[in-house]
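# Breakdown of the fold
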Amino acid sequence: MSTAGAATLGFGALGAPAAFAATAPKLPGEVSRLSNVLTQKGRKLYDNIEVDIGGDRARLFIPQTISMNSAAAVGAVWFYHAASSSHNALNGGFKYPGELVVDQNSIAICINAGGTQYTNSIATTAQKNAWTYLNALYTVRRNFLRATSFGGSLGCYTYGKKLIPYIRGLYMVNGLYDNEWLYAYDTKNQAHVGDAYGNDLTLIKGTNPARISATPWTNSRVKVLVSDDAHPDNVVVPSRNGLALINKIKPVAADAQVMYHTLAHGTPGFAHTDMIKTFAQWSVG
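Here's what I pulled together on the structure shown here. (Residues numbered from 1 in each chain as written. Predicted model: local features only at pLDDT ≥ 70, side-chain atom pairs only at ≥ 80, totals over all residues. Heavy atoms only, no water.)

## Examining the packing of aromatic side chains
Under the defined criterion, the tally for this structure stands at 9 aromatic pairs. Both rings, one in Phe79 and one in Phe94, keep their centres 4.9 Å apart while their planes meet at 45°; by these two values the pair is tilted. Taken together, the residues span a long stretch of sequence, with Phe79 in strand 4 (residues 73-80) and Phe94 in the loop between strand 4 and helix 1 (95-103) at a distance of 15 residues. For the pair formed by Phe79 and Phe94, the shared burial category is buried. Geometrically, the ring pair formed by Tyr171 and Phe279 is edge-to-face, given 6.2 Å between the ring centres and 80° between the ring planes. Here Phe279 lies in helix 8 (residues 270-283) and Tyr171 lies in strand 7 (residues 167-173), a separation of 108 residues in the sequence. (Phe/Tyr/Trp six-rings, centres within 6.5 Å; stacked < 30°, edge-to-face > 60°. Helix = DSSP H or I, 4+ residues; strand = E, 2+ residues; numbered from the N terminus. Buried < 20%, exposed > 50% of the residue type's maximum accessible area, 1.4 Å probe, protein only.)

Printed below as a string of structure tokens:
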């Protein structure tokens, strides 16, 4: 990538957009690249890159101000997609917030994690492999997690089990926290949570984020967005998921916030800018 503009630690927005960069070196396992993309809001240049990491696909938005193999520390936001989606969510529902991350001179990444695999060994291995991959290329020293819907399961497990280092916080919208609850609740198997574990309740329990004790969440930072009681979310019921997580960690967390909306299981538009504001606050210190 171009070295124009120093990479900053965490969320340090740059000024004017960079000039078009020369073709950057290919990333390991690169499948495709769309170069010289301008973000919608900040008009910052980035490359939209799809890579294969040990058989799992990932999509990355890399600001052209960030260079590979540089000692300059940068931040990264990991986006956890909903069920029946993929890493290409970064080209869909996550595109605008992903570009807001680029505006802050940070990397946006969305891994497929095997598809809809919740927290089984396929998903957790993909998460760990993706961190090894990213850390070998860039000096990432602040990781932020952004999860939606059933992607909340892997986001929560990644944070609670510290599958990657340098986590500064989790921002979760209508997110799943309790895999066992979903397995019992989803009697029509719409979410296929059982498929990810071969309908083996022992395996579901073994990597259920809701079974992680409060202790590993000490000094954590979590913000959940959930729909209010007047507009019930019947897909991921807040009292058993986002609110249950906050209630568990609140005594030990550095920051545990709840924000309500009125869209049931829909994502409110304000979530994108609020995510950036929240991550900026968590980036300090």
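Having put the structure on the table, let's press on.
## Overview of the pattern of salt bridges
With the rule as written, the count across this model stands at 7 salt bridges. Here Asp47 and Arg33 are joined by a salt bridge, their closest N and O atoms 2.8 Å apart. Of this pair, Asp47 sits in strand 2 (residues 45-53) while Arg33 sits in strand 1 (residues 30-38), and the two are 14 residues apart along the sequence. Residue Arg33 is classed as partly exposed on the basis of its relative accessible area, which comes to 23%. Beyond isolated ion pairs, a larger network of salt bridges with shared partners links Glu50, Asp52, Arg57 and Arg59. (Salt bridge = Lys/Arg side-chain N within 4 Å of Asp/Glu carboxyl O.)

## Quick look at helix 3 (residues 152-160)
Extensive coverage of helix 3 is indicated by the burial of 9 of its 9 residues. The complete set of buried residues in helix 3 reads Gly152, Ser153, Leu154, Gly155, Cys156, Tyr157, Thr158, Tyr159 and Gly160. Remark: Lys162 follows helix 3 within two positions and exhibits a positive phi of approximately 50°.

## A word on the pairing of strand 6 (residues 139-148)
The buried fraction of strand 6 amounts to 9 of the 10 residues, a majority that puts the element mostly inside the structure. Note: strand 4 against strand 6, 8 bridges, orientation parallel. Each bridged residue has a counterpart across the sheet, and for Tyr80 the counterpart in strand 6 is Ala147. Bridge analysis of strand 6 against strand 7 gives 6 bridges, and the strand direction is parallel. Note that in strand 7 the partner of Phe144 across the bridge is Gly169. Between the parallel pair strand 6 and strand 7, the chain is carried across by helix 3, and the sense of this crossover is right-handed. (Pairing = 2+ DSSP bridges. Right-handed = clockwise from strand over helix to strand, strands pointing away.)

## Considerations on the nonpolar core
With 49 residues, the main nonpolar core has Trp78, Ile107, Tyr138, Leu170, Val222 and Leu245 as its most contacted residues. Here this core takes 7 residues from helix 2 (residues 121-137), the largest share from any one element. With near-sequence residues (within four places) excluded, Val222 lies in contact with Tyr159, Leu170, Trp217, Leu245, Ile246, Ile249, Asp255, Ala256, Gln257 and Trp282. The next biggest cluster of nonpolar side chains, apart from the first, holds 22 residues, and it includes Tyr46, Phe61, Phe79 and Tyr171. (Core = buried A, V, L, I, M, F, W, Y, C linked by side-chain atoms within 4.5 Å. Contact = heavy atoms within 4.5 Å.)

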